[in-house]
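An overview of the molecular structure
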Amino acid sequence: DIAAYYERVYGTFGKLYYELGLSDLYGSWWFQTLIGMLGISLIVASLDRFVPLYKSLKKQRTKRHESFMKRQRLYAQGENILGENSLAKSEEKLKELRYKVTREDGALLAEKGRFARWGPYVNHVGLIIFLFGVMLRALPGFYVDETMWIREGETRAIPEAPGFYLESKEFILETYDKAKEDEVFGEAIDRVGTIASNYQTDVVLYKKPEEALPGQTDDLKEVKKESIQVNHPLKFEGYSVFQMDFRLDELKTMHFKLSNKASGETLGDLAIDLVNPETSYNVGEGSRVELLGYYPDFSGFEDGEPQTKSPVPNNPAFLVKMFTPETPEGETSFVAIKQTVEPLGDNEFKLEFQNVDTRDVSGLTIRKDKTLWILALGGLLFMIGVAQGSYFNHRRIWIHESTEGRLVVAAHTNKNWLGVKKELDQVTEAAQLPPYIDQHDTEGQELKEDGEKSS
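A brief report on the enclosed structure follows. (Residues numbered from 1 in each chain as written. Predicted model: local features only at pLDDT ≥ 70, side-chain atom pairs only at ≥ 80, totals over all residues. Heavy atoms only, no water.)

Moving on, we come to the overall build of the protein chain. Along the protein chain, the regular secondary structure elements total 9 helices and 22 strands. Here the C-alpha atoms of the protein chain give a radius of gyration of 41 Å, more than 25% beyond the 23 Å that 2.2 N^0.38 yields for 455 residues. Based on the C-alpha atoms only, the size of the protein chain along its principal axes is roughly 130 × 55 × 50 Å. Burial status across the protein chain gives 39% buried among its 455 residues. Look at the contacts in the protein chain between residues 6 or more apart in sequence, and 60% of them connect residues 24 or more apart. Just so you have it, the protein chain exposes about 26900 Å², and 51% of that area is on carbon and sulfur atoms. Computed over 55 positive and 71 negative side-chain charges, the inter-centroid distance for the protein chain is 14 Å. (Helix = DSSP H or I, 4+ residues; strand = E, 2+ residues; numbered from the N terminus. Rg over C-alpha atoms; globule rule 2.2 N^0.38 Å. Buried < 20%, exposed > 50% of the residue type's maximum accessible area, 1.4 Å probe, protein only. Contact = heavy atoms within 4.5 Å. Areas by Shrake-Rupley, 256 points an atom, 1.4 Å probe, with all protein chains shown as cover. Lys, Arg positive; Asp, Glu negative; His and termini not counted. Charge placed at Lys NZ, Arg CZ, Asp CG, Glu CD.)

In structure tokens, the structure reads:
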């Protein structure tokens, strides 16, 4: 159990670490809460700014007040050289520059690139969708990223894939042969040692019938056979099973013989399955061995008690009681691969280690992601919004005929003032408009003030 593991290994700090969700940071309740709050903040901020902007752009007036015109950065006021043809020439040139032109009562409004103003809001929508996809990953069935270790010949339920089982038929490891490789790769083999060219697990995928009782695995139906290799996963019903790791020669079965220490006579043999050991073994001739304790990964004694580091049979040890016709009350012995302890005194019989059977173990990763298309959609919209707001700009040009027969020109853009200046230069030349000034420029401000004094 993960919670018990953190508390056992790291104490109170480990328990607190696990309870706070730091062992699974992106799936923790407080991280999901922060994601939700960020999404709500984006929605509120977008609505707060989107609605006023939409109204202001939707109901733009063609004719603006003189004070509005003077506040614009690019501003011009002067003689109307072409008279009634000024607006017509301006409109013609502006349409040539792909502006949308509106004329009304001696006033002209030219606009293009309005869609650039919606870039940040498209950006926000994409981010909201992306965050929504991230939050969906915390719900069961939407996102799976699990690991399983499966031994050769073993059939196991696939984590987070209800009703599906996987049987490992064989693990295959192939390595590069130095004699067959070129000089460069041969040097790498000399430097690193054995290099895997392929490792794969030959598996059979099963599915439990819907009518089967919980826990019943006798009537599994074969779905398909597959060889799982690196970058070639087993795929079924939205799941992908990847080959990620392996362990060679894990201990499977240990073989012992029960013999008389004095005469060397063998009473019988027994084999202990290190994954599912039995509690009692009959060895023949009225003798048996009872398994009192099993320590898969023996790490020594603590206060006289044998300890195990893990449930993996890396260094198996056994506490046994041996019963023979000569010792009907039994003799107790502690047996490991290179160690035998007789805690209750010298025994007449002993359990001798003979040999061991091994098998390979495959490390597989099970993945399923129903949120991937949501994340992709959110990311795509986000990038569209970035491009929309970064590489395009909203430009507006106003040209008014005053009652005194003069022309008033103003222009505004949300970015790229050099671009709008170039276009305004072309319109000024085509319609002989009064030269504009950049009111952010000190020299231009002085020219404006001189012009006002002379008028």
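There's plenty left to go through after this.
Here we take up a nonpolar patch on the surface. A cluster of nonpolar side chains, Leu 16, Leu 20, Leu 22, Leu 25 and Tyr 26, forms an exposed patch at the surface whose accessible area comes to about 460 Å². Along the polypeptide, Leu 22 turns up in the loop between helix H1 (2-19) and helix H2 (29-58). (Patch = residues over 30% accessible without salt bridge, like charges linked within 9 Å, V, L, I, M, F, W, Y side chains within 5 Å. Salt bridge = Lys/Arg side-chain N within 4 Å of Asp/Glu carboxyl O.)

Moving on, we come to the side chain of Gln 200. Tracing the backbone shows Gln 200 in strand S7 (residues 196-207). For Gln 200, a relative accessible area of 11% corresponds to the buried category. A polar atom in the side chain of Gln 200 sits 3.2 Å from the side chain of Asn 198. Looking at Gln 200, its side chain comes within polar contact range of the side chain of Gln 229, at 3.0 Å. With near-sequence residues (within four places) excluded, Gln 200 lies in contact with Glu 170, Phe 171, Ile 172, Ser 227, Ile 228, Gln 229 and Gln 243. (Polar contact = N/O pair within 3.5 Å; in protein donor to acceptor, adjacent residues only side chain to side chain.)

Despite not being glycine, Arg 98 shows a phi value in the positive range, around 70 degrees. Along the chain, the position of Arg 98 falls in the loop between helix H4 (85-96) and strand S2 (100-104). Residue class for Arg 98 comes out exposed when judged on its relative accessible area of 75%. A positive phi is found at Asp 105, a non-glycine position, where the angle reads about 50 degrees. Of note, Asp 105 is situated in the loop between S2 and strand S3 (107-112). The class of Asp 105 is exposed, set by a relative accessible area of 68%.

By way of backbone hydrogen bonds, the strands of a sheet pair with one another, either parallel or antiparallel. Taken together, 6 strands build an open sheet; the order of strands is S2-S3-S20-S21-S1-S22 and the sheet is antiparallel. The open sheet has two edge strands with one neighbour each: S2 and strand S22 (437-438). Across 7 bridges, the pairing between strand S20 (residues 395-401) and strand S21 (residues 406-413) is antiparallel. Looking at S21, one finds that His 400 is bridged to Val 408. (Pairing = 2+ DSSP bridges.)

Turning next to the pattern of salt bridges. In the structure shown here, the tally under the stated rule is 20 salt bridges. For Arg 137, the salt bridge goes to Asp 369, with nearest N and O atoms at 2.6 Å. You can see Arg 137 sitting in the loop between helix H5 (119-136) and strand S4 (143-151) and its partner Asp 369 sitting in strand S19 (residues 349-369), a full 232 residues away along the chain. With a relative accessible area of 27%, Arg 137 lands in the partly exposed category. Because the salt bridges share partners, they merge into one network encompassing Arg 151, Glu 154, Arg 247 and Glu 250.

Turning to the layout of surface pockets, a few remarks are in order. Each pocket or cavity is described by its volume, and for the largest pocket that value is around 650 Å³. For the largest pocket, the lining is made up of 14 residues, of which Asp 1, Ile 2, Tyr 5, Tyr 6 and Thr 147 are closest to its centre. Among the secondary structure elements, those contributing two or more residues to the lining of the largest pocket are H1 and S4. The biggest single contributor to the lining of the largest pocket is H1, with 5 residues. By residue class, the composition of the lining of the largest pocket is 5 nonpolar, 4 polar and 5 charged. A volume near 550 Å³ is recorded for the second largest pocket. Contributing to the lining of the second largest pocket are 18 residues, with Asp 24, Gly 27, Arg 137, Ala 138 and Tyr 143 lying nearest its centre. Only H2 and S4 provide two or more residues apiece to the lining of the second largest pocket. When residues of the lining of the second largest pocket are assigned to their parent elements, the largest contribution, 4 residues, is made by S4. (1 Å grid on protein atoms, 1.4 Å probe; cavity = no way out; pocket = protein on both sides within 12 Å on 5 of 7 lines; lining within 4 Å. Points joined across faces, edges and corners; volume = space filled by probe spheres on them. Nonpolar A, V, L, I, M, F, W, Y, C, P; charged D, E, K, R; others polar.)

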